[in-house]
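Structural features, examined
Spelled out from the first residue to the last, the chains are:
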Amino acid sequence: TVAVAATGGVGSEDIDEDEVVRSLVNNGFSVQQLLEFYIHHVNKGLIRPGTTTAEVVKNIVIPQTSTCTPPCCYMGSEFMRGHGGGKRARKLVSHAWKSDFLHTVMSILLDA
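Since the structure is predicted, the reported quantities are computational estimates derived from the model, not experimental observations.

**Description of the overall build of the chain**
Within the chain, the regular secondary structure consists of five helices and two strands. Mapped from its N terminus to its C terminus, the chain presents α and β elements in the order β-α-α-α-α-β-α. With 112 residues in all, the chain has 28% of them scored as buried. Across the chain, every contact between residues at least 6 apart in sequence was considered, and the portion connecting residues at least 24 apart equals 73%. Entry remark: accessible area of the chain is about 7500 Å², with carbon and sulfur atoms responsible for 56%.

Below is the structure:
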């Protein structure tokens, strides 16, 4: 199970580090969930060769989380809840916004 974490906009004086850890640790995903996500969105034409991580966020993650009430991360989205929801993270994956999303997927698969 891996986690991709993003932070931003909060001043360090406002951060309760233990609370941040608790909120992120169960936002991981399994390799099976990653493959289901990838295949589903390839089949819908939203992920194609050359699609960047930034495009996946812009065209999939943001639209699918914009309807969450209360606001949620992608693991709380309807799609991910339907595929088992968040998992306890055991690894952290770092990624680059401009990189091909498939390269990130392949790196995760090779490390699994």
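Now that the structure has been shown, we can carry on.
**Re the nonpolar core**
Of all hydrophobic cores here, the largest spans 16 residues; its most connected members are Leu34, Phe37, Ile47, Val56, Ile60, Tyr74 and Phe101. Taken together, the elements giving at least two residues each to this core come down to helix H2 (31-43), helix H3 (53-65), helix H4 (78-81) and helix H5 (101-111). Apart from residues lying up to four places away in sequence, Ile47 is in contact with Phe37, Tyr38, His41, Val42, Val56, Ile60 and Phe101.

**What to know about the packing of H2 against H5**
Relative orientation of the contacting elements H2 and H5 amounts to 155 degrees, with a least axis distance of 11 Å. Accordingly, the angle class assigned to the pair H2 and H5 is roughly antiparallel. Every pair of crossing elements has a handedness; the one defined by H2 and H5 is left-handed. Along its contact with H2, which presents Val31, Leu34, Leu35, Phe37 and Tyr38, the element H5 presents Phe101, Leu102, Val105, Ile108 and Leu109. Here the residues of the contact of H2 with H5 are counted per class, giving ten nonpolar, no polar and no charged.

Rules used throughout
- Residues numbered from 1 in each chain as written.
- Predicted model: local features only at pLDDT ≥ 70, side-chain atom pairs only at ≥ 80, totals over all residues.
- Heavy atoms only, no water.
- Helix = DSSP H or I, 4+ residues; strand = E, 2+ residues; numbered from the N terminus.
- Buried < 20%, exposed > 50% of the residue type's maximum accessible area, 1.4 Å probe, protein only.
- Contact = heavy atoms within 4.5 Å.
- Areas by Shrake-Rupley, 256 points an atom, 1.4 Å probe, with all protein chains shown as cover.
- Core = buried A, V, L, I, M, F, W, Y, C linked by side-chain atoms within 4.5 Å.
- Axes fitted to C-alpha atoms, helices over the stretch in contact; angles between N-to-C directions.
- Parallel < 35°, antiparallel > 145°, perpendicular 65-115°, else oblique.
- Left-handed = near helix turned anticlockwise from the far one by under 90°.
- Nonpolar A, V, L, I, M, F, W, Y, C, P; charged D, E, K, R; others polar.

Interpretation in functional terms is not warranted from these geometric data alone.
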